[in-house]
Amino acid sequence: MQKSLDIFKAEPQSVFDVICKRKTTGFYMPAYQRPYSWEESHIRDLFSDCENVFRNLLDSHDAIIFLGSILSVDDSIALTIYPLVKRDKPEEIKLIIDGQQRLSTLMLIILCINERLRILLPSLKKAITSEQDEEIKDVLDELRQVVSQLEIDTSNTVVETTAEHEVYKYLPKIIRSQVDCWGRSEKNALYDSPIAELLYVYQRHIMDQRDSSVFKPLDLSLMSTSAKRVVNNIKEIRKQLDCVQKGFQFQFPDSETEEKINISDLVDVETLDVCLDFPVDKDLALVAESYPKVAEVIYIAVFAKFLLHRVCLTYVEVNNESYAFDMFEALNTTGEPLTAIETFVPKAIEFIGKKRKEGAPEEELEAAMDVLNSITERFENIIDSKEKNLKTKALILAFVRAFEGKVKVTSLRDQRDAMLKSYENCDYDLKGVYLSQLATSANFLFDHWQAVVPNVGKLVDSSVLDISNLCLRYLVDMKHDIVQSLLIQFVLIDEKFEATGTEHSDFAKVLKSVTAFSVLWRAMSGGADGIDAVYKKLHERGVNADQKGFTLGHGSLTSDRFNPDIINQFFKAELENKIITKGSPKDTVDEKWLDICSKQQILTKPKSIKMLLLAGLHGVELEGVDHQISNKLCTDFLTTMMWELISRKNAIKKVFNGGSTEGWGDEEIVNPEIYNKIGNVLIDVRDGVSSSNSPSWYNLKQHLLQALANDSINDIEDILSSDCHISEHAKRHASVLMLEKKFGDITFADKWGKQQIDERSSLLLSNAWRNLTKWLDWE
């Protein structure tokens, strides 16, 4: 049994222990870490805390600051580092899972303290040189030794190497994945993230200043424009150090100044000796009176000691990232949780790193990184954490089910595990393919399914573009997300066999199959009625008992395995079984389905019947007292234009809307089981019919006949079949007229009652079955 102590170790450590003492350690910010974002207010708050606790330290040994935790994973073998020059990396590398904001800020403060010490040290040396009294010289020299050691300690914002180059031999202690690269030469070194850039620029500044008798502050204009946040924080830290240098005279928000700490207040304070190893005796205090600059040096030095040794962090090192992420969520009570995609990135980079070690061509590695970046960039511009988590969950649900068949994503841990396990289960040689398929899945979800107006884009041939868009809008409207996995599989098939956007697209066929199956299934009950279980069965067990799940991970992506005909056969079998379980006494499958659906109160859920209605209205028209199958353009109701029209508020109404039957002549119609049948539907896209009860069937019929008297109705076919280009406005107007022409299906009746509703229900449902089963190749 693995003990918890073997999994991680956690201990309180001072800033000195975490940063300065680790001379050979580089801290690596993985790709999922957010950019550095602490603002000036955070800096002021931190200095305020330090000032308050330092004053307490003068009276109490217990005064200490716990700044939070640093959560890390050791990656000294550089498996997750990218880009990487293997021979140029630090000896030790710690991946920072949590705590990068505080760690980076502490690094900035240490750098600024180092800069301030270098600025002040010459004045101290000058005082020693000019002083004649040997005893005073000794006192000053002891202070110089303390300051010089502090200068050395605070120089550890870089890792020194054995390289010869005077600048590049120093590696910034913090770098960011995919942005920076540790390098011991100008050719290899890349420091574009704000923190790494600052550490590099400051080291170069030190080299430039080494022969100068006066150390000048770093010119922040040398920093790139992308480092504005870091530059502003450096300016704020310098202001705060000015306050320290004046005797801890910090300014309150109301512009009042904190009471100064005099050097005399520090004399013989036991805690400075015991806790900071920096005793201030009377001799040093007297020297400070003679040399004002010495007092400033003392203030900065004592603050530096305090920051390094009395500001503490809980340093946690975990032996693998999975445990680290769990611990991160336990510790991270205020920040945003890491999404599964963010925690997946290091694994993908680790694989790319292994390929590099194996000698894979650099072009191949760069291509893999481009694919990975194309996925992560999808989420980078999403500010709202809830939206980011929802879209991450959607991608994992869709892709992992497509890849492995079964997926659980209840919690963030579930999502991470699902993502990582599916990647780990993937054959090593296919991990690059896995990444590419994940990118394609992200493209489908973001660019098509989740678009403001869902669209198939260039995935299908132009000849089936509108009907494909109609199907996609229906599926999105129904929130039928479970079908995404199947659709993604066929997007990938098209991509592999170069059928994307052509007449040979399998995706286009399956999109129609999925839509037809959904509409026919839901019509029997008015709801989902266990439809998700069908897709789970398909992905987890396959289309046949002797197969594994219908997944990407079980077998190669072949056209004979991922075949629309197989999917249609599966859907037909499942639909037929469902129809039989409903217990209709009719003989044939289509008669059973019609019998089951004709009894449903479908009009109680108008949103879920939009596609059923369009399929029922499509390709049929009233000729006299009979309905005829028609291929005329004016009977084409399966279009996105029609979808938009019937999606309008109040577009789907009821001929008889309940209430009093006075003026209707049929007492049976008052029964909801009758007037909620599909045959009682009225499509009123102009919202010209009152949604309240009409006073009588006669008055409603006269209103509908008046609409049918529009001469333009007779010109619909001529408008739609015109050789000239038809504007969208003209198409929309024609579509409205087509819907109003369907008023004739209602007004042919002398009265409106149960018989008329049943007859019209049979007509619409029979026609819907005829149209939709074509998409399933149902003979």
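Residues numbered from 1 in each chain as written. Predicted model: local features only at pLDDT ≥ 70, side-chain atom pairs only at ≥ 80, totals over all residues. Heavy atoms only, no water.

### A short note on the overall build of the protein chain
So, step 1. Within the protein chain, the regular secondary structure consists of 30 helices and 14 strands.
So, step 2. Taken over C-alpha atoms, the radius of gyration comes to 37 Å for the protein chain, far larger than the 28 Å a tight globule of 779 residues would show.
So, step 3. When its C-alpha atoms are laid out on the principal axes, the protein chain stretches across 125 × 60 × 60 Å.
So, step 4. Buried positions account for 55% of the 779 residues belonging to the protein chain. (Helix = DSSP H or I, 4+ residues; strand = E, 2+ residues; numbered from the N terminus. Rg over C-alpha atoms; globule rule 2.2 N^0.38 Å. Buried < 20%, exposed > 50% of the residue type's maximum accessible area, 1.4 Å probe, protein only.)

### Quick look at the environment of Asp75
So, step 1. Along the chain, Asp75 falls in the loop between strand 3 (65–74) and strand 4 (92–98).
So, step 2. The class for Asp75 is buried, based on a relative accessible area of 5%.
So, step 3. Placed 20 residues apart in sequence, Asp75 and Leu95 show a C-alpha to C-alpha distance of 6.5 Å.
So, step 4. Residue contacts for Asp75: discarding those within four places in its chain leaves Thr80, Ile81, Ile93 and Leu95.
So, step 5. At a separation of 2.9 Å, a polar atom in the side chain of Asp75 contacts the main-chain amide nitrogen of Leu79. (Contact = heavy atoms within 4.5 Å. Polar contact = N/O pair within 3.5 Å; in protein donor to acceptor, adjacent residues only side chain to side chain.)

### So, the state of the cysteines
Put plainly, two cysteines are in a disulfide when a covalent bond ties their sulfur atoms together.
So, step 1. Per the counting criterion, the structure on display carries 0 disulfides.
So, step 2. With no disulfide of its own, Cys312 has Cys275 as its nearest cysteine by sulfur position, at a separation of 11 Å.
So, step 3. Here Cys312 falls in the buried class, since its relative accessible area comes to 7%. (Disulfide = S-S within 2.5 Å.)

### A few points about the packing of aromatic side chains
So, step 1. Applying the stated criterion across every chain, the model contains 35 aromatic pairs.
So, step 2. Consider the rings of Trp664 and Trp697, whose centres lie 5.9 Å apart with planes at 40 degrees: the pair is tilted. In this pair, Trp664 sits in the loop between strand 13 (652–654) and helix 25 (672–675) while Trp697 sits in helix 26 (residues 697–708), placing the two residues 33 residues apart along the sequence.
So, step 3. Following the ring pairs from residue to residue traces out a cluster consisting of Phe47, Phe54, Phe248, Phe250, Tyr299, Phe303 and Phe306.
So, step 4. Its guanidinium or amino end placed over the ring of Tyr315, Arg22 lies 4.2 Å from that ring's centre, counting from NZ or CZ.
So, step 5. Geometry around Tyr423 places Lys431 over its ring, the cationic atom sitting 4.3 Å from the centre. (Phe/Tyr/Trp six-rings, centres within 6.5 Å; stacked < 30°, edge-to-face > 60°. Lys NZ or Arg CZ within 6 Å of the ring centre and 35° of its normal.)

### A look at the pairing of strand 12 (residues 626–629)
So, step 1. Pairing between strand 11 (residues 620–623) and strand 12: 4 bridges, direction antiparallel. Among the inter-strand pairings, Glu621 is bridged to a residue of strand 12, identified as Gln628.
So, step 2. Joining the antiparallel neighbours strand 11 and strand 12 is a turn of 2 residues, in which Gly624 adopts a positive phi near 70 degrees. (Pairing = 2+ DSSP bridges.)

### Describing the confidence of the model for the protein chain
So, step 1. Of the residues in the protein chain, 95% reach a pLDDT of 70 or more, and the chain-wide mean stands at 90.
So, step 2. Across residues 1–5, confidence stays below pLDDT 50; counting only partners more than four residues off in sequence or on other chains, it has 3 contacts. (pLDDT = per-residue confidence, 0-100.)

### Points about helix 26
So, step 1. Helix length check: helix 26, at 12 residues, gives a terminal C-alpha distance of 16 Å against a target of 16 Å (1.5 Å per residue), a fit within 8%.
So, step 2. All of the buried residues in helix 26 are Trp697, Leu700, Lys701, Leu704 and Ala707. For helix 26, the arc enclosing every buried residue in end-on projection is 115 degrees, short of the 170-degree limit, so these residues lie on one face. Every exposed residue of helix 26 that faces more than 90 degrees away from the buried side is listed here: Tyr698 and Gln706.
So, step 3. Where helix 26 is buried, its residues contact strand 14 (681–683) and helix 29 (744–747). (Expected span 1.5 Å × (residues − 1). Arc of directions from axis to C-beta.)

### Notes on the nonpolar core
So, step 1. Core analysis: the largest hydrophobic core is formed by 126 residues, its most contacted members being Phe344, Phe444, Leu486, Leu487, Phe507 and Trp593.
So, step 2. Examining the composition of this core, we find that 11 residues originate from one element, helix 19 (residues 506–523), more than from any other.
So, step 3. Counting 118 residues, the second largest nonpolar core, distinct from the first, contains Val18, Trp182, Ile195 and Tyr200. (Core = buried A, V, L, I, M, F, W, Y, C linked by side-chain atoms within 4.5 Å.)

### A closer look at unusual backbone geometry
So, step 1. Residue Pro83 follows Tyr82 across a cis peptide bond; omega there is -5 degrees.
So, step 2. Turning to its location among the elements, Pro83 is positioned in the loop between strand 3 and strand 4.
So, step 3. Residue Phe248 is not a glycine yet carries a positive backbone phi of 60 degrees.
So, step 4. Mapping Phe248 onto the fold places it in the loop between helix 7 (228–245) and helix 8 (270–276).
So, step 5. Of the residues examined, Phe248 reaches a relative accessible area of 1% and is grouped as buried.
So, step 6. Positive phi outside glycine occurs at Lys479, with the angle close to 55 degrees.
So, step 7. Take Lys479: it is sitting in the loop between helix 17 (465–477) and helix 18 (484–496).

### Section: a negative patch on the surface
So, step 1. On the surface, a cluster of negative charge is made up of Asp133, Glu134, Glu135, Asp138, Glu142, Asp268, Asp281 and Asp283.
So, step 2. Of the residues forming the negative patch, the biggest block, 4 residues, is contributed by helix 5 (residues 134–153).
So, step 3. With respect to the helices and strands, the residue Glu135 is situated in helix 5.
So, step 4. Look at Glu135 and you get exposed, because its relative accessible area is 63%. (Patch = residues over 30% accessible without salt bridge, like charges linked within 9 Å, V, L, I, M, F, W, Y side chains within 5 Å. Areas by Shrake-Rupley, 256 points an atom, 1.4 Å probe, with all protein chains shown as cover. Salt bridge = Lys/Arg side-chain N within 4 Å of Asp/Glu carboxyl O. Lys, Arg positive; Asp, Glu negative; His and termini not counted. Charge placed at Lys NZ, Arg CZ, Asp CG, Glu CD.)

### Things to note about the side chain of Glu151
So, step 1. Structurally, Glu151 can be placed in helix 5.
So, step 2. Residue class for Glu151 comes out buried when judged on its relative accessible area of 16%.
So, step 3. Ignoring anything within four residues of it in the chain, the contact list for Glu151 reads Asn114, Leu117, Arg118 and Leu121.

### So, the pattern of salt bridges
So, step 1. On inspection of all chains with the given rule, the structure shows 31 salt bridges.
So, step 2. In this structure, Arg116 engages Asp242 in a salt bridge whose closest nitrogen and oxygen atoms are separated by 2.9 Å. You can see Arg116 sitting in helix 4 (residues 100–130) and its partner Asp242 sitting in helix 7, a full 126 residues away along the chain.
So, step 3. A relative accessible area of 9% means that Arg116 is categorised as buried.
So, step 4. You can call Asp242 partly exposed: its relative accessible area is 33%.
So, step 5. Across the pair Asp529 and Lys582 runs a salt bridge whose closest N-O atoms are separated by 2.9 Å. Placement of the pair is Asp529 in the loop between helix 19 and helix 20 (531–541) and Lys582 in the loop between helix 21 (564–581) and helix 22 (589–598), with a sequence separation of 53 residues.
So, step 6. Residue classification places Asp529 among the partly exposed residues on the basis of a relative accessible area of 28%.
So, step 7. Residue class for Lys582 comes out partly exposed when judged on its relative accessible area of 32%.

### Things to note about the packing of helix 4 against helix 5
So, step 1. Direction vectors running N to C along helix 4 and helix 5 enclose 160 degrees, while the axes themselves pass 10 Å from each other. In terms of orientation, helix 4 lies roughly antiparallel with respect to helix 5. In terms of crossing hand, the pair formed by helix 4 and helix 5 is left-handed. Contacts from Asn114, Leu117, Arg118, Leu121, Leu124, Lys125, Ala127, Ile128 and Thr129 in helix 4 reach Lys137, Leu140, Asp141, Leu143, Arg144, Val147, Ser148, Leu150 and Glu151 in helix 5.
So, step 2. Residue classes in the contact of helix 4 with helix 5 are distributed as 9 nonpolar, 3 polar and 6 charged. (Axes fitted to C-alpha atoms, helices over the stretch in contact; angles between N-to-C directions. Parallel < 35°, antiparallel > 145°, perpendicular 65-115°, else oblique. Left-handed = near helix turned anticlockwise from the far one by under 90°. Nonpolar A, V, L, I, M, F, W, Y, C, P; charged D, E, K, R; others polar.)

### Quick word on the environment of Pro292
So, step 1. Mapped onto the fold, Pro292 is located in helix 10 (residues 292–310).
So, step 2. Residue Pro292 is classed as exposed on the basis of its relative accessible area, which comes to 56%.
So, step 3. Taking the C-alpha atoms as reference, Pro292 lies 56 Å from Phe344; in sequence the two are 52 residues apart.

### Section: helix 10
So, step 1. An ideal rise of 1.5 Å per residue puts 27 Å on 19 residues; helix 10 measures up with 27 Å between its terminal C-alpha atoms.
So, step 2. Across the 19 residues of helix 10, 15 count as buried, placing the element largely inside the fold.

### Comments concerning the pairing of strand 10 (residues 311–318)
So, step 1. Most of strand 10 is tucked away: 7 of the 8 residues are buried.
So, step 2. As defined by bridge partners, strand 3 adjoins strand 10 across 7 bridges and the pair is classed as parallel. Bridge assignment links Leu71 to a residue of strand 10, and that residue is Val316.

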